[in-house]
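Spelled out, the chains give:
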Amino acid sequence: MPDEQPVLKTKRLTLRRFRLTDVDDVIVFANDEVWQRYLPPLPFPYERVHGERFVAESSLRDWKSKPAFAVVLGDTMIGEINLRINKRHQTAEMGYAIARKHWGNGYATEAASAVVGWAFETFCLAKIHAVAIVDNKRSWRVMERIGMTKEGVLRSAVPGSNSKHRHDMAYYGLLREEWEHRT
């Protein structure tokens, strides 16, 4: 179990705890309606108070059950990757988001791969899973590239931007032995 928040380094990225200086970067990418399309409903426009709240909550999360990494490219925070650990079941749910300006460069896959490896080792997990709105094919590809298998679709799993519409979610999972076999 981690006592402190690690810094993970990949070929191009640094994954670290959130800092107050990340607020401006968060505000820039969170004010993109296309970027927001596949996330839980967020305020629009996304104002400074929203960014400050997000960064504060992310940096104060209980690292032993809900680690959250800022994804940093150079000096710019370009996204987030987080886990929700279920110690009892030895599982975790992973979530991630990368600024639209940086889509298509493999950053989400690179960050997710680093966090999955770290989480399996650190928390002795048996499985990590992730979900994505079924229309979010880019997110599916990230999950598939890190070795996750589509296990099913959760029908009408989350509310859409209005109360009359709900989204189906694609559910992907990765077992520890599958990860170890890949690496």
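Residues numbered from 1 in each chain as written. Predicted model: local features only at pLDDT ≥ 70, side-chain atom pairs only at ≥ 80, totals over all residues. Heavy atoms only, no water.

Considering all chains together, one arrives at nine salt bridges under this definition. Among the salt bridges present, the one from Asp24 reaches Arg48, with a minimum N-O distance of 2.8 Å. Highlighted residues: Asp24 in helix α1 (residues 23-30) and Arg48 in helix α3 (residues 48-60), separated in sequence by 24 residues. Judged by relative accessible area, Arg48 falls into the partly exposed class, the value being 41%. Across the salt bridge formed by Lys127 and Glu151, the nearest N and O atoms sit 2.8 Å from each other. Of the two residues, Lys127 sits in strand β6 (residues 127-133) while Glu151 sits in strand β7 (residues 149-159), which places them 24 residues apart along the sequence. According to the relative accessible area criterion, Lys127 is buried, its value standing at 17%. Ionic contacts of the salt-bridge type, sharing partners, join the residues Asp24, Arg48 and Glu52 into one network. (Salt bridge = Lys/Arg side-chain N within 4 Å of Asp/Glu carboxyl O. Helix = DSSP H or I, 4+ residues; strand = E, 2+ residues; numbered from the N terminus. Buried < 20%, exposed > 50% of the residue type's maximum accessible area, 1.4 Å probe, protein only.)

Turning to the packing of α1 against α3, a few remarks are in order. A packed helix pair is summarised by two numbers, namely the angle formed by the two axes and the spacing between the axes. For the pair α1 and α3, the least separation of the axes is 9 Å and the interaxial angle reads 120°. Between α1 and α3, the angle falls in the class oblique. The way α1 lies across α3 gives a crossing that is right-handed. Contacts from Val23, Asp24, Val26 and Ile27 of α1 reach α3 at Arg48, Gly51, Glu52, Phe54 and Val55. For the contact of α1 with α3, the per-class residue count stands at five nonpolar, one polar and three charged. (Axes fitted to C-alpha atoms, helices over the stretch in contact; angles between N-to-C directions. Parallel < 35°, antiparallel > 145°, perpendicular 65-115°, else oblique. Left-handed = near helix turned anticlockwise from the far one by under 90°. Contact = heavy atoms within 4.5 Å. Nonpolar A, V, L, I, M, F, W, Y, C, P; charged D, E, K, R; others polar.)

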